[in-house]
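Read off the chains here:
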Amino acid sequence: MLYVAIKKTFSHFQLDVNFTIQKGVIGILGPSGCGKSLTLQSIAGLQRPDEGVIQLNNHLFFHSDKRIHIPTRHRNVGYMFQHYALFPHLTVYENIAFGLKKWPKKQIQHTVTNMIENIGLKGYENHYPHQLSGGQQQRVALARTLVTQPSILLLDEPFSALDHHTKQAMEQQCFSYLQQHFSGLVLFVTHHLEEAYRLCDELILYDRGRVIQHGKKERVFYEPENVQAANIVGCKNIFSCTFAEKGEQIICYVNGAQLIVPAHKKKSGATYVGIHSHHIRFVDDAIYNAFSFRVIRAVSNVYTYDVTIQTDHFILQASVSEEQWRHMHNKKVYLPPEHLFFLFE
Ligand SMILES: Nc1ncnc2c1ncn2[C@@H]1O[C@H](COP(=O)(O)OP(=O)(O)OP(=O)(O)O)[C@@H](O)[C@H]1O
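Residues numbered from 1 in each chain as written. Predicted model: local features only at pLDDT ≥ 70, side-chain atom pairs only at ≥ 80, totals over all residues. Heavy atoms only, no water.

Attention now moves to the overall build of the chain. Broken down by element type, the chain carries nine helices and 23 strands. If you line up the chain on its principal axes, its C-alpha atoms span 75 × 50 × 35 Å. When burial is assessed residue by residue, the chain has 48% of its 345 residues classed as buried. Considering only contacts within the chain whose residues lie at least 6 apart along the sequence, 63% involve residues at least 24 apart. By element, 48% of the accessible surface of the chain is carried by carbon and sulfur atoms, the whole surface being about 17700 Å². Taking the 34 positively charged and 29 negatively charged side chains of the chain as two groups, their mean positions are separated by 7 Å. (Helix = DSSP H or I, 4+ residues; strand = E, 2+ residues; numbered from the N terminus. Buried < 20%, exposed > 50% of the residue type's maximum accessible area, 1.4 Å probe, protein only. Contact = heavy atoms within 4.5 Å. Areas by Shrake-Rupley, 256 points an atom, 1.4 Å probe, with all protein chains shown as cover. Lys, Arg positive; Asp, Glu negative; His and termini not counted. Charge placed at Lys NZ, Arg CZ, Asp CG, Glu CD.)

So, about the pattern of salt bridges. For the structure on display, the rule yields eight salt bridges. Its salt-bridge partner being R210, residue D16 comes within 3.7 Å of it at the nearest N-O pair. In this pair, D16 sits in strand β2 (residues 13–21) while R210 sits in strand β11 (residues 210–216), placing the two residues 194 residues apart along the sequence. For D16, a relative accessible area of 22% gives the class partly exposed. Since its relative accessible area comes to 42%, R210 is described here as partly exposed. (Salt bridge = Lys/Arg side-chain N within 4 Å of Asp/Glu carboxyl O.)

Before going further, it helps to examine the site of the ligand. Not every one of the 13 residues close to the ligand is listed here, only the nearest: S32, G33, K36, S37 and L38. In the environment of the ligand, an oxygen atom lies 3.0 Å from a nitrogen or oxygen atom belonging to the backbone of G35. Measuring from an oxygen atom of the ligand, one finds a side-chain N or O atom of K36 at 2.8 Å. Out of a free accessible area of 640 Å², the ligand has 65% covered by protein chains. Of all the elements, helix α1 (residues 36–44) adds the most residues to the shell around the ligand, at three residues. Here the shell around the ligand is composed, by residue class, of five nonpolar, seven polar and one charged. (Near = heavy atom within 4 Å. Polar contact = N/O pair within 3.5 Å; in protein donor to acceptor, adjacent residues only side chain to side chain. Nonpolar A, V, L, I, M, F, W, Y, C, P; charged D, E, K, R; others polar.)

Below, the discussion takes up the sheet that holds strand β16 (residues 272–275). As summarised here, the arrangement of the three strands in space is β12-β16-β23, forming an open sheet in which the pairing is antiparallel. Pairing within the sheet leaves two strands with one partner each, and these edge strands are β12 (237–240) and β23 (341–343). Strand-to-strand twist across the sheet, computed as the mean angle between neighbouring axes with direction ignored, equals 30 degrees. Pairing geometry for β12 and β16, over four bridges, is antiparallel. Looking across to β16, one finds that S240 is bridged to Y272. (Pairing = 2+ DSSP bridges. Axes fitted to C-alpha atoms, helices over the stretch in contact; angles between N-to-C directions.)

Bringing the UniProt feature "domain: ABC transporter" (unreviewed entry) in the chain into the picture now. In this structure's numbering, the residues bearing the UniProt feature "domain: ABC transporter" (unreviewed entry) are residues 1–233. For the annotated span residues 1–233, helix accounts for 34% and strand for 27% of the residues, and the straight-line distance between the end C-alpha atoms is 26 Å. (UniProt positions renumbered as here; feature names shortened; annotations may be inferred.)

In this section: the pairing of strand β19 (residues 294–300). Regular strands place their side chains on alternate faces of the sheet. When β19 meets strand β20 (residues 304–310), the two strands line up antiparallel, connected through six bridges. Across the sheet, S300 pairs through a bridge with Y305, a residue of β20. Hairpin remark: β19 followed by β20, antiparallel, with three residues in the connecting loop.

Attention now goes to the sheet that holds strand β10 (residues 202–207). Here we have six strands laid out as an open sheet, ordered β7-β8-β9-β3-β10-β11, and mixed in their pairing. The open sheet is flanked by β7 (77–81) and β11, the only strands paired with a single partner. Direction aside, neighbouring strands of the sheet carry axes that sit 15 degrees apart on average. Across five bridges, the pairing between strand β8 (residues 152–156) and strand β9 (residues 185–189) is parallel.

As a further point, take the nonpolar core. Counting residues in hydrophobic clusters, the biggest one holds 44 residues, and the most contacted among them are I96, L146, L153, F175 and L178. Apart from residues lying up to four places away in sequence, L146 is in contact with M115, L153, Y177, L178 and F182. (Core = buried A, V, L, I, M, F, W, Y, C linked by side-chain atoms within 4.5 Å.)

On to the side chain of T111. Looking at where T111 falls in the secondary structure, it is placed in helix α3 (residues 105–118). Those residues in contact with T111 that sit more than four places away from it in its chain are W103 and V147.

Attention now moves to unusual backbone geometry. The backbone of N57 sits at a positive phi, close to 50 degrees, despite the residue not being glycine. Relative to the elements of secondary structure, N57 occurs in the loop between β4 (51–56) and β5 (59–63). The backbone phi angle of R208 is positive, close to 45 degrees, even though this residue is not glycine. Take R208: it is sitting in the loop between β10 and β11.

Right, let's get into the packing of helix α4 (residues 134–146) against helix α5 (residues 164–181). At a minimum axis distance of 10 Å, the contact between α4 and α5 shows a crossing angle of 25 degrees. As judged from the angle between their axes, α4 and α5 are roughly parallel. Like other packed secondary-structure pairs, α4 and α5 cross with a definite hand, here right-handed. Contact with α4, carried on its side by G135, Q138, R139, L142 and L146, involves T166, M170, Q173, C174, Y177 and L178 of α5 and no other residues of that element. Tallied by class, residues from the contact of α4 with α5 come to six nonpolar, four polar and one charged. (Parallel < 35°, antiparallel > 145°, perpendicular 65-115°, else oblique. Left-handed = near helix turned anticlockwise from the far one by under 90°.)

In structure tokens form, the structure reads like this:
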């Protein structure tokens, strides 16, 4: 269990966050400069908050009222970031063994050899960092972090300096290694939405130094609380609306158009409605939520098209497959009620 409730003020920025996480891989997502790294640095003991509490299991790292601020070396935290430097004059073996100096020699040898095998670098023990690829260096960095058996792992965009292919391979290796060999909490900062969805169990969304939503990843992605949260999880269709309840349904009015939403999705006080671009469908016809449209713009990606379409009432961004793209032109655009969600401002 990790409990974080801290405040830190700089002249131009204020961090004021509060969250508790129990277990698993937790992602922190948010725009640049919203306080993600500052949070990780505070947990690691590299930044001292102005006030608050940080506690990992029974270990109090920081408590401003009690004047407790445990130094980094006594927190048993593994911290890995983008430009994590290996010692250039030490071999792979020596880099990984660096933090174990106080251990018995035999145990060091056993642990480091095992670790090198686990990260797939057997045979590279005597190589120096400059003799390794970026992905291999990052694996050594991860091994060096994990070999000390930290109670929590803090990952601050650790793979973002790698090329796309290496990054994906590293991610997969890293997280399957963690699944098998690491039972502690992992707190993972990323800008990458798909990465966050793939790798994390829970997500914490940040905006301007505050937590704006925290929950299971599916819930955060598919039921964002407010407009800012919807933006962070990549929702491109957000409309100001009013609505009226009618039995099992809600009629939602957007620029004069009516959208039907199931009543259980009601959120009192919400003033926006949203839908993800990949949930938009194209149909021959439907009783409701279907509109004639024209395509304003289409951008071809490797496997999909990002299409901007105009109806009489609103402009929509849809993400469609090549197959859908070929057959959509004589159809109507359809906003499935089950995929619409209400948002607070
Ligand atoms: N030591 C410092 N002195 C002054 N301001 C700081 C310091 N450290 C961080 N900040 C400010 O705190 C804010 C949050 O920084 P932080 O590095 O946590 O952002 P971030 O969310 O990790 O951003 P990014 O995604 O771009 O890495 C920024 O405005 C930054 O300038």
